[in-house]
Amino acid sequence: MNVLAVLIPVSLILGGVGLAAFVWSMRASQYEDLEGARHRVLSDDHDDRPLQ
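Because the structure is predicted, anything quoted here is derived from the model rather than measured.

1. A few points about the overall build of the protein chain
Then comes step 1: Within the protein chain, the secondary structure is distributed over two helices and zero strands.
Then comes step 2: Taken over 52 residues, the protein chain has a buried fraction of 4%.
Then comes step 3: Carbon and sulfur atoms make up 64% of the accessible area of the protein chain, which totals about 5300 Å².

Okay, here's the thing in structure tokens:
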């Protein structure tokens, strides 16, 4: 029973951190340009130099 007294608050804190990260990402407009990301993956505008 002592384990539940620790695990329940820890899980609530982790859930709150996850929710806060999601809200932050929504306010920072991380999901605004989903179409542009799709097209950037397919573009050939990058350098073809090999990695060193």
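2. Notes on the side chain of S25
Then comes step 1: Mapped onto the elements of the fold, S25 is located in helix 1 (residues 2–27).
Then comes step 2: In this structure, S25 is in contact with Q30 and Y31, ignoring residues within four places of it in sequence.

3. Observations regarding unusual backbone geometry
Then comes step 1: One non-glycine residue, S29, lies in positive phi territory at about 60 degrees.
Then comes step 2: One can find S29 in the loop between helix 1 and helix 2 (34–42).

4. A short note on a nonpolar patch on the surface
Then comes step 1: A contiguous nonpolar surface patch, about 610 Å² in accessible area, is contributed by L19, F22, V23, M26, Y31 and L34.
Then comes step 2: Here M26 shows up in helix 1.

5. Observations concerning helix 1
Then comes step 1: In this model helix 1 runs 38 Å from its N-terminal to its C-terminal C-alpha over 26 residues, within 8% of the 38 Å that 1.5 Å per residue would give.
Then comes step 2: In the stretch just after helix 1, S29 is the one whose phi turns positive, near 60 degrees.

What counts as what
- Residues numbered from 1 in each chain as written.
- Predicted model: local features only at pLDDT ≥ 70, side-chain atom pairs only at ≥ 80, totals over all residues.
- Heavy atoms only, no water.
- Helix = DSSP H or I, 4+ residues; strand = E, 2+ residues; numbered from the N terminus.
- Buried < 20%, exposed > 50% of the residue type's maximum accessible area, 1.4 Å probe, protein only.
- Areas by Shrake-Rupley, 256 points an atom, 1.4 Å probe, with all protein chains shown as cover.
- Contact = heavy atoms within 4.5 Å.
- Patch = residues over 30% accessible without salt bridge, like charges linked within 9 Å, V, L, I, M, F, W, Y side chains within 5 Å.
- Salt bridge = Lys/Arg side-chain N within 4 Å of Asp/Glu carboxyl O.
- Expected span 1.5 Å × (residues − 1).

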